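Understanding the architecture of this molecule
Take a look at the letters that make up each chain.
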Amino acid sequence: MSEYHNVKFEREQETIPHRGIDRRDFLKLSGFTFAGALLGGCQAPKVDKAIPFLVKPEEITPGLSTFYATTCGGCNASCGIITKNRDGRPIKIEGNPSHPISQGGLCAVGQAHLLGLYDSHRLKNPTMLGKETVWNDIDSAIKNTLKEIQTNNGAVRFLSNTISSPTQRNTIAKFLSGFSNAQHIEYDALSVSAILDAHEKTHGTRVLPHYRFDKTEVIVSVDADFLGTWISPVEFTKDYHKGKILNGNNSKFSFHAQIEANVSLTGSNADKRISISPNAYKNFLYDLTTTIEGGKSSIAEVNELARKLLSAKGKSLVVCGVNDIELQLLSNYINHLLSNYGNTIDIETPSKQYRGNDTELQKLISEITEGKISALFIYNGNPLFDIPEGNALKKHIEAIPLSISFSERSDETSSATTFICPEHHSLESWNENEVRAGIYSLSQPVLQPLRNTRSLIESLNAWMDTPKTAYDAIRDEWKNSVFTMQKKENDFQKFWDKCVHDGFAEVESGKNTVQEFSKQSLQNISRSSETTAMALILYPKISIREGKHAHNPWLQELPDPITKIVWDNYVSLSKKTAEHLSVKENDVVEITAQISNERRTLKLPTHIQQGMCDNVVAVALGYGRKGTERFTNIGPEWFEAKPTVNQGELVGKNAAVFLQFVNGSISYNLLQCSVSKTKEQYRLAATQEYHSLQMPEHLVPAGSERRPIIQETTFGAYIQDNSAGSFSKHEYESIWPEEHQYNNHHWGMAIDLTKCTGCSGCVIGCQSENNIPCVGKDEIARNREMTWIRIDRYFQEEENTFSVAFQPMMCHHCNNAPCETVCPVLATVHNEEGLNQQIYNRCVGTRYCSNNCPYKVRRFNWFDYEHGDEMQKLVLNPDVVVRERGVMEKCSFCIQRIQEAKIIAKSNGVALKDGDIQPACQQSCPANAIVFGDMNDKNSELSKRMNDKRYYKVLEEVGTRPAVGYMTLVRNSDEVNNV
Amino acid sequence: MLLKSPITTVFLVVGLLLSILIFYNSYSVNYRIPGNNEGYEPVQPIAYSHRLHAGELGIPCLSCHFGAEKSRNAGVPSASVCMNCHKFVTALFANVRAEDELAEKEKRKPQRIISSELKKIYSSLALNDELLPNPSLKQTPIEWKKVYNVPDFVYFDHRPHVNAGVQCQTCHGAVETMERIRQVGNLSMGWCVNCHRDVNKNGVNNKKVYASTDCTTCHY
Amino acid sequence: MSEVYSILREPLIGGNKTYNDVTNDVCSPLERKPTIAWWFAFTISFTMLIAGVISVTYLLTTGIGTWGLNNTIGWAFDITNFVFWIGIGHAGTLISAILFLFRQKWRTSVNRSAEAMTIFAVICAGIFPIIHMGRPWLAFFVIPYPNERGPLWVNFRSPLVWDMFAISTYFTISFVFWYVGLIPDLATIRDRAQSHFKRKIFGFLSFGWNGSNRTWSHYEKIYLLLAGLATPLVVSVHTIVSWDFATSVIPGWHTTIFPPYFVAGAVFSGFAMVLTLMLIVRKVLRFEEYITLHHVESMCKIIIATGGIVSMAYGTEYFIALYSGNEYEKFTFINRALGPYSWSYWIMVSCNVISPQLFWFRKIRRNVALVFLISIFINIGMWFERFVIITTSLTRDYLPASWDSYSPTSIEIATLVGSFGLFLTLFLLFARFLPMIAIGEVKGVLSYGRKNNGEHL
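Starting from 1, residues in each chain are numbered consecutively following that chain's sequence as written. Lettering for chains starts from A, numbering for ligands starts from 1, and both go in the order in which the items are written. Side-chain atom pairs in this predicted model are given and counted only at pLDDT of 80 or more, local residue features only at pLDDT of at least 70, and totals for whole chains, interfaces and linings cover all residues. Remark: hydrogens and water are excluded; side-chain values derive from all non-hydrogen atoms of the structure.

**Brief notes about the overall build of chain B**
Elements are defined by DSSP. Helices are runs of H or I of four residues or more, strands are runs of E of two residues or more, and each kind is numbered from the N terminus. Helices and strands together make up the secondary structure of chain B, namely 10 helices and 1 strand. When the helices and strands of chain B are listed from N to C terminus, the series reads α-α-α-α-α-α-α-β-α-α-α. Over its C-alpha trace chain B gives a radius of gyration of 24 Å, far above what one expects of a compact globule, namely 17 Å for 220 residues. Judged by the C-alpha coordinates and their principal axes, chain B covers about 85 × 60 × 35 Å. Residues are treated as being in contact if the distance between any of their heavy atoms lies within 4.5 Å. Taking the contacts inside chain B whose residues are at least 6 apart along the sequence as the reference set, 59% of them involve residues at least 24 apart. Residue exposure ignores everything except the shown protein chains as possible cover, and the areas themselves are Shrake-Rupley values with a 1.4 Å probe. On chain B, roughly 13400 Å² of surface is accessible, and the fraction owed to carbon and sulfur atoms is 65%. Where the 24 positive side-chain charges of chain B centre and where its 19 negative ones centre are 4 Å apart. For this measure, only C-alpha atoms enter the radius of gyration; the expected value for a globule follows 2.2 Å times N^0.38, where N is the number of residues. In this tally Asp and Glu are treated as negative and Lys and Arg as positive; neither His nor the chain ends contributes. A charge is said to be at NZ when it belongs to Lys, at CZ for Arg, at CG for Asp and at CD for Glu.

Written out as structure tokens, the structure reads:
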């Protein structure tokens, strides 16, 4: 110890004097620091400009939306749409409830084609030999060449997709009449030509029937994806569900059998799905025919189907999606035998949606290749991309003296033509469609053309030196024809105004003359020999279809309902086939086929698809479109990010190389091909990794092999007991205080799994309503999709049955929300109307809420996402915040719509009515699967559903008490006939 | 010790004053915490006087800001709205009268007097002195400075407030007394919420109302 | 003078030290130039730290997307590291506070560095809850402060808020406790200091300590009080951390035994880390006589005890899961052991359950090399424990459609490395500039197990 003390005494004097900073200095310093900090904190107010109209257009009030009824230009189905305009630009497309065709529904493509309007890659000006120019120059140039052609009687051909606008047809006819050798050829990339040809043979009229799914009790569909992509999916979905009504004891529930090789959307909704190779389609129909005629088939299923069809004579329907005349003749014959013509098939007031003629197309192709054509006009269609041998035509078309494309962008075809006279986007122009005999759907421009474009009618009129605006042309046409076909209104102006307001006109058109059914065309159809060769199916995807909208990132990123894969096309094949070829998911395979004695090959990654027929491979059309290379940099950029498409490559590959003409129509099924494995690998990105409700075998806890997520039953069982298939109800004493009182409204939702077809229209609707960004392939592969509503898809495969169940999944707005308790900053809290609010500007992004969400429906902004280029940003909804990086977001039940509706009701001093508020997902659902409403309103549609015995809640046992419920999925799989 | 020396103190004080000076010039409002622009009173492109129009002439707010009733935004009136009156009124009455008298004396037709501020409207509409469209001129929109500016993540809607009978002055202050519009109230969340709480108790001019304090009333 | 050693009680400090020796031994490392070994270690750990700084900067500028997380798995490395580091801290507090109250004299040679370790660990831990936020610049939202928003407070129901309180308290108390303990020794350094500058600094740091009896008695009082204050923290902090998971609804998280389980685990991992560090320190700084095999052995015993509790907890989890009849719970635990992430589970079991059992043997307890090795194993095992609980539970929860897998990005790994870099850098600086052993306290127990002047025991 001594030592220690000595030290102390030595040092003491030195240690006592004060050190460094004393209190006063400290205070002084901190004083100044504080003052400095204060100054630093101060800031000048952000100067924002408010620039009013100089002269205000009287229909526009800043901050208010205006709505216009028009017609969808997404595909030939021509559904009725309503556009929501804000400050002079459309920001949302929705189904037009009063429209006779679509009846308020709208598919994913229809809703997404709004984004195409703001596509910065659309042509800004007409181009001559690839150089931009002005209309006057291009017109004079074209007119001069046309004169020469007129003088030396050159052959003029006008090639287009089906044109269902009488005005356009007449204008074209008038234009072509000026030439001695002229013809208008129509074709469709997704051709149904064989159906029309078959009816020409059997009924002497080349029309596309109007299929009445609403009148059917038994549907047999051979490879016709009528709920997904075939002819008029929205219309058919609406009608289909009119035949499937579950209402206790007065239910009626049609039986639908799907015969197909690939798993289509329709197949996954079928009550019975028979998986056979395309090689066997013909024989199947043939056997069905003979059996119905009274014979007997070796296959039990055929006999069974025949029995059911016969039992529902006049109330049954056989549709065939195979574009082959023989199969179509057979199905016509069957429908004739079942006396469905005049009942479930209407050819007296036929559909006008498709009238393409493959035989004429084939003729034209040979003409072009032989160089006989001196002028070729190509209107909305991309033949070089989507017809057989299309690519080979390039050099021939370039050789044609006068080739004109009306394409709105530079695509495979238009880049080969001399002139491009860009047509307006369908939302920019006046147009009309005769969708069905007597039903005219009108298109009005909802904004000024964004580009220096011109409508076809105006172009043709300009070249005929009879300048006329599309508006006048159509108005005159209606005055002279449509107006005269109706009796109700005798003042044209009134009639016209009403039509423009409604977006359509329903008039009395003369009945189409039909001959008696003639059988002799079926004489030389015989059973073909069974082959077991590898077959190739070329099918359109829900989102991309024939490729018309391949430039639309919303659609490219829309998960395929079945495979859940985005941004690519791929080779689907069954487990067995995969084992046989010893390929695994993502292995690149090479498909080889002999087409017109020439060897064609295509390399694509493999996707192993449950439920597919063995020895069949399926590839989606519409991929590998020119212009998709621009998606290389879509999505966030950081050093581990992979590009959506590799530099200079395209999204997917074009499978049209395998198209060919068979029996005079384009064949999408290739009955003979070979598939070989390559060394390469290619990663496909899917939004779902585990595909079944069955737990993996080696992890199964006894007694809980299947997760109780989807209630499922058969129609038979349902008739016996309306609550059939229900899970055991879980009634828990809540340890929570009843803290939430819902005195005013209590919003909720009920989704009918029987109705939901999985078409994914709701996903796009939500994306467009709520400013949800596209995140690119790599982010999806990392399972970071941003969509607020996703459609969970579960496969169920027992030894010989395969079924698919769809379950739309969005925020459940739980009354006991697990997310709410854990958020440290009150960024997600319950509101007095039962909504689970997410407050972006309060969120600090701990992701705790998302972890604690049993439904995993919350979405985190991992990066600052691009919302497209400057042009595409115009599509953003001004009523919804664009979320910044690091913020959690999720379904809000479209709170902006709720608030708007409440405010309007309040202003008008009226109470909210049931149905005043429709979230984006509900509004356009073609199947009416989604119902949103007020649980406190006992008469609301929602309350009705909640009192239904089928109503249940997912994960009720967790005690979250969600506001979203589901209705048991009912299938007619035990094939009960209607009661 | 350096800190002990008075020089340091003096130096720091001077520095502080200097910086205050510098900051002050760059600001049109006094210092307050970021985002709070209470008292913001920018100079507008046209010296429009609310005192004159709303105060002396007693023009009701909604006759120009008609948007407030039916839309989310009250809206800055378009020049065409101004022209409803200023087609005829081109200057202060006094000035016009003076010109007339002068003309009386000088025995000549009185010429049209156009006040310098109104001239700006006419020129923005590309009108000549006879107030007729002048094709050679180009229409140029008027760029007003926004005074009441809420952040992007706030969805304020005029309709429910106006229709509930809330006086414009409740939030915008006695506009009819202001030459130039000045921001009254700091537009902080508390400022909004406390009023909502208050009216739920006391109502709006003795009328019972319900103003929700849910987050999603303003944030979505 | 002649020494007689007790045959019953092994002295705590070997080598027949005098007070003078103690002072010299402890202070000499601070007074001589840093060794090559130190520079070597420092370079490595500092490089690791830089890696961490770079990765975090990239994270903050680019977004959480630079981590391997996704819609299903919202937490992985970030919170795993957080819990791991918090856990490490606990040994220090236990040694300095609880063992002090229980008058465990052997603690004196290790408590200083153990406490230092605690503080550094808490610093490392504290970083993660902040950087794991999507918008860390708004982290202050988590603190309840009067504001202009109505006002708008924090969600007092959220365990993350409790965490904020727990960790800040924990850091403050531990730091004060550690610093108070340092003061007498700082004075010693001050007094031994040759350079004027050094004397000034340490003079300031030691608050003018004059070793008078009055000062000493004040010191003893405050030390006792702080020990009392720190003791509940040993239990509370990790209990609260465990509530982050226990209060959730996710199978595998939603478990009532978490608090004791986590606390035991924390102490377990903490002592492993103490051993890892101490064994190096005693070798490099030649502290063999201060940190004797006896110390090592005692710590090994604590590890067996806590390790036992942890293994017990593992077992209980399974029993409850299978006994509960909750199918989601059952599945989660089967999935842990046999699912895609079973490898991490088995690493955890072998490191935390099997390896400590070796400490039942005295020979192994006293074999420095082996103890060191096992302590490393336990550190690894405990990190994986947190990974298993947090990540694998998330990968497969309720809806099969949202099941997903997780793999870390380079950024995440760099961040983990960086946190170790920070920890080691701080520790090395500590070893360089502050006395690693509480001189005063060690002097107090110098006589333990030995008597002067050959008096009979």
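There's more to say after this.
**So, the packing of aromatic side chains**
Working definition: a ring pair exists when centres of Phe, Tyr or Trp rings (six-membered ring for Trp) sit within 6.5 Å. Plane angles under 30 degrees give stacked, over 60 give edge-to-face, the rest tilted. Counted under the stated rule, the structure contains 94 aromatic pairs over all chains. Ring centres of phenylalanine 140 of chain C and tyrosine 145 of chain C lie 5.9 Å apart, and the angle between their planes is 50 degrees; on these two criteria the pair is classed as tilted. By relative accessible area, tyrosine 145 of chain C is classed as partly exposed at 25%. Grouping aromatic residues by their ring pairs yields a cluster made of Phe84, Trp85, Phe120, Phe171, Phe175, Trp178, Tyr179, Phe207, Phe420, Phe423, Phe427 and Phe430 of chain C. Two conditions define a charge sitting above a ring: the NZ of Lys or the CZ of Arg must be within 6 Å of the ring centre, and it must be within 35 degrees of the ring normal. The positively charged end of arginine 625 of chain A is found above the aromatic ring belonging to phenylalanine 385 of chain A, 5.5 Å away from the centroid. Here arginine 432 of chain C stacks its cationic end above the ring of phenylalanine 433 of chain C, 5.8 Å away from the centre of that ring. For every residue, the accessible area obtained with a 1.4 Å probe (protein chains only) is divided by the maximum for its type, and the residue is called buried under 20%, exposed over 50%, and partly exposed between those limits.

**Examining the side chain of serine 943 of chain A**
Residue and element names in this part refer to chain A. Within the secondary structure layout, serine 943 lies in helix 27 (residues 941-947). Relative accessible area serves as the criterion here: at 3%, serine 943 is assigned to the buried category. Polar contacts here mean pairs of N or O atoms no more than 3.5 Å apart (in protein, one a potential hydrogen donor and the other a potential acceptor; neighbouring residues in sequence count only if both atoms are side-chain atoms). Among the polar contacts listed, one links the side chain of serine 943 to the backbone oxygen of aspartate 937, at a separation of 2.5 Å. Contacts of serine 943, omitting those with residues within four sequence positions, involve Asp934, Met935, Asp937 and Lys938.

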